[in-house]
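Summary of the model geometry
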Amino acid sequence: MRKPEFTVDDHRWMHHALELADRAESEGEVPVGAVLVGPDGQRVAEGWNRNIAENDPTAHAEIVALRRAGQALGNYRLTGCTLYVTLEPCAMCSMAMVHARLARVVYGAKDPKTGAAGSVFNLLTDPRHNHRLEAEGGLMGDEAGQRLTEYFRRKRARPGL
């Protein structure tokens, strides 16, 4: 497997996704952030985990960003777009990306328990789908992973949780 070559823009957008992860944590959510960028390189939409605030198991950062992008563009097809997300997408989010016809996903930390972009499953590039997208992981992964590790360490340390 080749090592991804990330651009300056990739780094810029992942940095923004990390800021959104911080926002999620400040709102009591698991710190995951996502930014959707159009083919022109401009931000279309963004999201951060909202599961707790919205009482919605589907309100992952990626899904929130995809929903907002669909509304902004007036189309559920997000052809040519790239999604930057701080954590490797799960199966639900990965299939939403396939259905949205994204061109690419760039993620930070790998998810060895539920990752569906290569760690546990590889749904984004599965040849059985009629659409596949480019998936590149590890961009600022140590930083993204550290946020999650610290979040769960603090959460486990609280009495009654």
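The preceding data block contains the structure.
So, a few notes on the structure that sits alongside this text. This structure is a prediction, so every number in the text was calculated from the model and none was measured.

1. Considerations on the layout of surface pockets
Estimated volume of the largest pocket: approximately 590 Å³. Residue lining of the largest pocket: 25 residues in total, with Val30, Leu87, Asp111, Leu148 and Phe152 positioned closest to the centre. Only α2 (51-54), α3 (61-73) and α5 (141-157) provide two or more residues apiece to the lining of the largest pocket. Looking at the lining of the largest pocket, its residues break down into eleven nonpolar, seven polar and seven charged.

2. Details of the sheet that holds strand β2 (residues 43-48)
Ordered in space as β2-β1-β3-β4-β5, the five strands form an open sheet in which the pairing is mixed. Strands with a single pairing partner mark the edges of an open sheet, and in this sheet they are β2 and β5 (134-137). Neighbour-to-neighbour, the strand axes of the sheet open up by a mean angle of 15°, direction not taken into account. Strand direction decides the pairing type here: strand β3 (residues 82-87) and strand β4 (residues 104-109), joined by five bridges, are parallel. Note that in β4 the partner of valine 85 across the bridge is tyrosine 107. Here α3 sits on the sheet in contact with β1 (33-37), β2 and β3, set at roughly 145° to β2.

3. Let's talk about the environment of methionine 97
By secondary structure assignment, the location of methionine 97 is in helix α4 (residues 91-100). Between the alpha carbons of methionine 97 and glycine 28 there is a distance of 26 Å; along the sequence they are 69 residues apart. Excluding residues that lie within four positions of it along the chain, methionine 97 makes contacts with Glu62, Leu66, Leu83, Pro89, Leu102, Val105, Leu124 and Leu133.

Procedures and definitions
Residues numbered from 1 in each chain as written. Predicted model: local features only at pLDDT ≥ 70, side-chain atom pairs only at ≥ 80, totals over all residues. Heavy atoms only, no water. 1 Å grid on protein atoms, 1.4 Å probe; cavity = no way out; pocket = protein on both sides within 12 Å on 5 of 7 lines; lining within 4 Å. Points joined across faces, edges and corners; volume = space filled by probe spheres on them. Helix = DSSP H or I, 4+ residues; strand = E, 2+ residues; numbered from the N terminus. Nonpolar A, V, L, I, M, F, W, Y, C, P; charged D, E, K, R; others polar. Pairing = 2+ DSSP bridges. Axes fitted to C-alpha atoms, helices over the stretch in contact; angles between N-to-C directions. Contact = heavy atoms within 4.5 Å.

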